[in-house]
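Observations on chain architecture
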Amino acid sequence: MKFLIHTYGCQMNVRDSEALEAMMLSRGFELASSEDDADIVIVNSCTVRQKAEEKAIGKVGNLIAAKKISGLMGCAVKRLGEDVFKRLPALDFAVAPRALGLIPKIVSDIIGARNSGKARKRILELGDDLIPEALSSHTTGSWKAFVTVLLGCDNRCSYCIVPDVRGHEYSRPASEIVAEVEALAKGGVKEVMLLGQSVLRYGIRNDAFIPSFPSSPKGYTEPFPRLLERLCEIDGIERIRFTSAHPGGVTDELVDVFTRFGKVCRHLHLPVQSGSDRILKDMGRRYTREEYLSSVKRLRSIADDFALTTDVIVGYPGETQEDFEATRSLMDEAGFDNSFIFKYSPRPGTRSSLKKDDVPKEEKERRDQVLLGDQERRGIERNSRLIGTVREVLSEGPSKRNPDRLSARDSGNRIVVWPKDDDFINDGSKVNLKITDAHAQILIAERI
Ligand code: SAH
Ligand code: SF4
């Protein structure tokens, strides 16, 4: 039987889909080359904004029409609970994020029931008991890998549904992570991206004891910078990235690790959300504009080319023109290399959903466009400073936009493209490039 997984949402979902793919392959299922070719199609859903949820639900709705075995996994399932079958009556199964390890067996049971002519049964799994295999399984062949280090989130920012759908924070024991990265390195992986919703909180607390992980001691602590140091010792690993960072975690120890270890990439995705202290307080972000900018300063003191990217929400309830201008000016002061702008979307059950969503749609759109325009200008400015410098990249492959060019990323996660060389292979080998031109999101280079 052939399967296909469609993934929406963040890197955590990408990672979950990869783990599921590996588990399905190990049980004899085959990967389909297209939707038409697939017998089983699974959609991994996001619910962080209403639109994201609708996209995933719409996709799975189309698949049901094509009469495949269809399943929905991911964050929207946890949010919708039993209602998922009201929205999608013909769906075969729905599984919440932490229960994804159950999917291969669910699929086998459905196939078994169909083959023996039994009546169709819908399956819903909303449990939180993660199976260790669903964290540690990887597909092979790539020199880059995602590694989950921290599950869930306990920050409870006012607007955010993630804690409700991805559960309490759980830091995986460092020994388990080190063993996983060592095995990946042996298999040819050179770059790892450590994942957590608020990854710098790794090891700080671990009250959410998971019974299926008997090895996880309650109250376990191993600060994130120490985990980074340990991973830097692993032979074969050349780059370590991590995401996402809550500004509260930018400690002296973290700055020190960035400074001392060349393997730790000089990029941080540091979502700011707003530049207005009033809004930040209401969001429950637990930092002020000034504190955020002071973290930016300390990170940029590591190196001028230290790359900073961010997330911003426009049109949060009560966001005035003045609040919005404060966000604009903060973004300029921080000099973000890239930013992701989101229009506020009220999520059921969150604190901010109790407030009136009072910024009109058109105004949210306008603020979005203004920030995108600012970022375009700032991106060109920041990238232009790199013209004439040499950047080291790990080779990736032809550019998606222009196959005559090769594309790769520097330590700051900037995309660098250069004319295709004949001897090129996508193996993550080091290439030195001289930057000749700069766009807002791409550096143009030549090989030296
Ligand atoms: N864990 C990450 C963020 C996960 S959600 C972090 O805290 O850094 C990704 C981004 O979606 C957030 O940074 C935020 O900018 C945006 N977002 C979250 N909830 C939202 C909502 N209700 N409306 C609009 N944007 C939202
Ligand atoms: Fe959501 Fe805040 Fe947790 Fe990020 S840190 S996942 S924005 S609650």
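Below, the structure is looked at part by part. (Residues numbered from 1 in each chain as written. Chains lettered and ligands numbered in written order. Predicted model: local features only at pLDDT ≥ 70, side-chain atom pairs only at ≥ 80, totals over all residues. Heavy atoms only, no water.)

Our next topic: the sheet that holds strand β12 (residues 267-269). Across the sheet, which stays open at both edges, the three strands sit in the order β12-β13-β14 with parallel pairing between neighbours. In this open sheet, the two strands that pair with only one neighbour each are β12 and β14 (338-343). Across the sheet, the mean angle separating the axes of adjacent strands is 10° when strand polarity is ignored. Examined bridge by bridge, strand β13 (residues 307-314) and β14 share six bridges and lie parallel to one another. The residue bridging valine 314 from the neighbouring strand is lysine 343, located in β14. (Pairing = 2+ DSSP bridges. Helix = DSSP H or I, 4+ residues; strand = E, 2+ residues; numbered from the N terminus. Axes fitted to C-alpha atoms, helices over the stretch in contact; angles between N-to-C directions.)

The environment of ligand 1 is made up of 14 residues, and the closest members are Gln197, Ser244, Gln273, Asp311 and Ser345. Side-chain polar atom of serine 244 to an oxygen atom of ligand 1: 3.0 Å apart, as the coordinates give it. Here ligand 1 loses 89% of its free accessible area of 540 Å² to cover by the protein chains. When contributions to the shell around ligand 1 are tallied by element, the ones reaching two or more residues are β13 and β14. Here the shell around ligand 1 is built from residues that sort into six nonpolar, four polar and four charged. (Near = heavy atom within 4 Å. Polar contact = N/O pair within 3.5 Å; in protein donor to acceptor, adjacent residues only side chain to side chain. Areas by Shrake-Rupley, 256 points an atom, 1.4 Å probe, with all protein chains shown as cover. Nonpolar A, V, L, I, M, F, W, Y, C, P; charged D, E, K, R; others polar.)

Turning our attention to the pattern of salt bridges. This model, assessed by the stated rule, comprises 45 salt bridges. Taking the shortest distance from any N to any O, the salt bridge between glutamate 53 and arginine 79 comes out at 2.7 Å. Separated by 26 residues along the polypeptide, glutamate 53 in helix α2 (residues 50-65) and arginine 79 in helix α3 (residues 75-80) bring together distant segments of the chain. Judged by relative accessible area, arginine 79 falls into the partly exposed class, the value being 25%. One salt bridge in this structure joins arginine 367 and glutamate 363, with 2.8 Å as the shortest N-O distance. Here the residue arginine 367 and the residue glutamate 363 both occupy positions in helix α14 (residues 361-384), the gap between them amounting to four residues, near one helical turn. Connected via shared salt-bridge partners are Arg300, Asp305, Asp337, Arg382, Arg391, Asp410 and Arg414. (Salt bridge = Lys/Arg side-chain N within 4 Å of Asp/Glu carboxyl O. Buried < 20%, exposed > 50% of the residue type's maximum accessible area, 1.4 Å probe, protein only.)

Everything listed is a geometric property; what it means functionally is a separate question.
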